[in-house]
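Take a look at the letters that make up each chain.
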Amino acid sequence: MRSVDEIIGEAREILSRKGVNLSILEGGTERGLTILRNREVLDSIGIKMRVIGDIEPSLSSKFLGRKISMPVMPAPLSGLVKSVDARCFHRIIKESWDAGVVPWIGYPIQDDVESFEQPFVWIIKPMKDRDKIYQEIERAEKSKALAVGIDIDSAAGIKVGKSVIAYGGMKALSKKELEDIASTTKLPFIVKGVLSEKDYYDASSFSDAVVISNHGGRVIDSAVSPLEILANVEKVVETGVDSGFRYGSDVLKALALNADFVLIGRPVVYALAFENGLKEILEVIGEELKRIMVLTGFKEVGEINREAVIF
Ligand SMILES: Cc1cc2nc3c(=O)[nH]c(=O)nc-3n(C[C@H](O)[C@H](O)[C@H](O)COP(=O)(O)O)c2cc1C
């Protein structure tokens, strides 16, 4: 089995040879300090071993009431990823389900959302044009989407290096606006991109799930790591984290700090360089997590708690 780092290394070579613009896919805002901090915070957390016991761990988890094979899912990615594979969204959906987890899809996407054959989570943008948001939610409801959400941290666009991608105009949405949007859909509603205690509690009051994230360091430089916020909140709704998570040990650290699930972003971009690459990378991370659970004495992912780490 290849390691995550080997998959990423080989994928970068393949994609560079294909002429894919890697810098726009993997870059971060301005000096890239957020990306560095995401890694530094994860690496600063130590895992305690607890090996006396007879452990056969299970990764089985739940997400919005559905059983999933492990608490790791692909983060929503935008149409930018089409430069890697024009059929990326169909592949992300299929390969996620092949690995037993729920696929998340970003925005904008040129694919006909209605043509996706298996369920998915659809994260749309906080567009200035409110009617457009409602139209997209209507499309979601007519499709196989199992939940819909908004990445509120795109409010000022995505900034890679010094270039801002505005996707036709976005805005910061007020709590009232978000409540209104959430209440118009019968689908579960998700807020992605909270990075403060206040936003976490505000978003939790009208959402079914919240993702604490700094958008993988693509919206602001010098952001805190999502784990620094996760560690400070009392969990209210299903809570995920993303931004910099790569290894089974990273996932264990998030679960120890009370996350329910972890999303991986750029690893999905790299995985798309290989046929069934997404399924492979999810399985590698799952195997790593299972191995660490043997060594930390956890039989179920739901049992993993703060005692497992020093933070
Ligand atoms: C190329 C690319 C496109 C992205 N597009 C979206 C998007 O459309 N919607 C969204 O919510 N997040 C988007 N994200 C952010 C990811 O969902 C996720 O928050 C981030 O990549 C996690 O950090 P990681 O890449 O270090 O794992 C995108 C990220 C990348 C790298």
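Residues numbered from 1 in each chain as written. Predicted model: local features only at pLDDT ≥ 70, side-chain atom pairs only at ≥ 80, totals over all residues. Heavy atoms only, no water.

Formally: UniProt positions are given in the numbering used here, feature names are shortened, and annotations may be inferred rather than shown by experiment.
For the protein chain, the name recorded in an unreviewed UniProt entry is L-lactate dehydrogenase (FMN-dependent)-related alpha-hydroxy acid dehydrogenase, with Archaeoglobus sulfaticallidus PM70-1 as its organism. Quoted verbatim from the Sequence similarities (unreviewed entry) heading of the UniProt record, the comment on the protein chain is "Belongs to the FMN-dependent alpha-hydroxy acid dehydrogenase family." The UniProt entry for the protein chain carries the following comment under Cofactor (unreviewed entry): "FMN".

### Description of the overall build of the protein chain
Keep this limit in mind: Strands are runs of DSSP state E lasting at least 2 residues, helices are runs of H or I lasting at least 4, and numbering of each runs from the N terminus. Computation of the radius of gyration draws on C-alpha atoms alone. For the globule rule, the value is 2.2 Å times the number of residues to the power 0.38. Burial status follows relative accessibility: with a 1.4 Å probe on protein chains alone, a residue under 20% of its type maximum counts as buried, one over 50% as exposed, and anything between as partly exposed. Whether two residues are in contact is decided by their heavy atoms, any of which lying within 4.5 Å being enough. In this description, accessible areas are obtained by the Shrake-Rupley approach with a 1.4 Å probe, and a residue is regarded as covered only by the protein chains that are shown.
The number of helices and strands found in the protein chain is 11 helices and 14 strands. In terms of overall dimensions, the protein chain is globule-like: its C-alpha atoms have a radius of gyration of 18 Å, near the 19 Å expected for 311 residues. By residue count, 55% of the 311 residues in the protein chain fall in the buried class. Excluding contacts between residues fewer than 6 apart, the proportion of contacts in the protein chain whose partners are at least 24 apart in sequence is 73%. In the form shown here, the protein chain has an accessible surface area of approximately 13,100 Å², with 50% of it arising from carbon and sulfur atoms.

### As for the packing of helix H9 (residues 248-256) against helix H11 (residues 277-296)
The following threshold applies: Axis lines are fitted to C-alpha atoms, over the contacting stretch for helices. Their N-to-C directions set the angle, which ranges from 0 to 180 degrees. Angular relationships are summarised with four words: roughly parallel below 35 degrees, roughly antiparallel beyond 145, roughly perpendicular across 65 to 115, and oblique for the angles in between. Note on convention: the crossing is left-handed when the near helix lies turned anticlockwise from the far helix by less than a right angle, right-handed when the turn is clockwise. Ten residues, namely Ala, Val, Leu, Ile, Met, Phe, Trp, Tyr, Cys and Pro, are considered nonpolar, four, namely Asp, Glu, Lys and Arg, are considered charged, and the remaining ones, Gly among them, are considered polar.
As a packed pair, H9 and H11 sit with axes 7 Å apart at the nearest point and diverge in direction by 60 degrees. In terms of their interaxial angle, H9 and H11 are classed as oblique. The way H9 lies across H11 gives a crossing that is right-handed. Contacts between H9 and H11 involve Gly248, Ser249, Val251, Leu252 and Leu255 from the first element and Ile285, Glu288, Leu289, Ile292, Met293 and Thr296 from the second. Here the contact of H9 with H11 is built from residues that sort into 7 nonpolar, 3 polar and 1 charged.

### Points about the pattern of salt bridges
Rules: Salt bridges are defined as contacts in which a side-chain nitrogen from Lys or Arg sits within 4 Å of a carboxyl oxygen from Asp or Glu.
Overall, the coordinates contain 24 salt bridges when judged by the stated rule. Asp43 is paired through a salt bridge with Arg39; the nearest N and O atoms lie 2.7 Å apart. Within this pair, Asp43 and its partner Arg39 are both found in helix H3 (residues 33-44), separated by 4 residues, close to a single helical turn. In this structure Arg39 comes out as partly exposed when scored by relative accessible area, which is 23%. A salt bridge links Lys235 to Asp260; the nearest nitrogen and oxygen atoms lie 2.8 Å apart. On the criterion of sequence distance, the pair formed by Lys235 in the loop between helix H8 (226-230) and strand E12 (238-242) and Asp260 in the loop between H9 and strand E13 (261-264) is long-range, its members being 25 residues apart. Residue Lys235 is classed as partly exposed on the basis of its relative accessible area of 32%. Given the relative accessible area of 25%, Asp260 is considered partly exposed. Overlapping salt bridges, with partners in common, bring together Asp112, Glu114, Lys132, Glu136 and Arg139 in one network.

### Description of the side chain of His215
Within the secondary structure layout, His215 lies in the loop between strand E11 (209-212) and H8. With a relative accessible area of 15%, His215 lands in the buried category. Setting aside residues up to four positions removed in sequence, His215 forms contacts with Lys125, Asp151, Asp153, Ser154, Ile158, Lys192, Asp242 and Ser243.

### Focus: the packing of aromatic side chains
The condition that has to hold: Here is the rule: rings of Phe, Tyr and Trp (six-membered ring for Trp) pair when centre to centre is within 6.5 Å. Planes less than 30 degrees apart are stacked, more than 60 are edge-to-face, and the remainder are tilted.
Tallied over the entire structure, the rule returns 7 aromatic pairs. Plain terms: the ring middles of Phe63 and Phe261 are 5.2 Å apart, the flat faces sit at 75 degrees to each other, and that makes the pair edge-to-face. Separated by 198 residues along the polypeptide, Phe63 in strand E2 (residues 61-63) and Phe261 in strand E13 bring together distant segments of the chain. Phe261 matches Phe63 in its accessibility class, with the two residues each being buried. Note on Tyr107 and Trp122: the rings are 6.0 Å apart at their centroids and 40 degrees apart in plane angle, and the pair reads as tilted. With Tyr107 in the loop between strand E5 (104-105) and strand E6 (120-124) and Trp122 in strand E6, this pair connects stretches of sequence that are 15 residues apart.

### Focus on the site of the ligand
For clarity, the cut-off: The nearness test applies per residue and asks whether one of its heavy atoms lies within 4 Å of the molecule or strand. The definition of a polar contact used here is a pair of N or O atoms within 3.5 Å, where within protein one atom must be able to donate a hydrogen and the other to accept one, and adjacent residues in sequence count solely through side-chain atom pairs. Here a cavity denotes grid points, spaced 1 Å and computed from the protein atoms alone, that fit a 1.4 Å probe unable to get out, and a pocket denotes an open set having protein on both sides within 12 Å along at least 5 of 7 lines; residues with an atom within 4 Å of a point are the lining. What decides whether a molecule sits in a cavity or pocket is whether more than half of its atoms lie within 2 Å of the grid points.
Taken together, 22 residues lie near the ligand, and Pro76, Asp242, Arg246, Gly265 and Arg266 sit nearest. Contact between the ligand and Pro76: an oxygen atom at 2.7 Å from a main-chain N or O atom of the residue. The separation between a nitrogen atom of the ligand and a polar side-chain atom of His215 is 3.3 Å. In isolation the ligand exposes 600 Å². Once the protein is present, 98% of that is buried. Counting atoms within 2 Å of the grid points, the majority share of the ligand lands in the largest cavity. Each residue belonging to the shell around the ligand can be placed in one class, and the counts come to 7 nonpolar, 8 polar and 7 charged.

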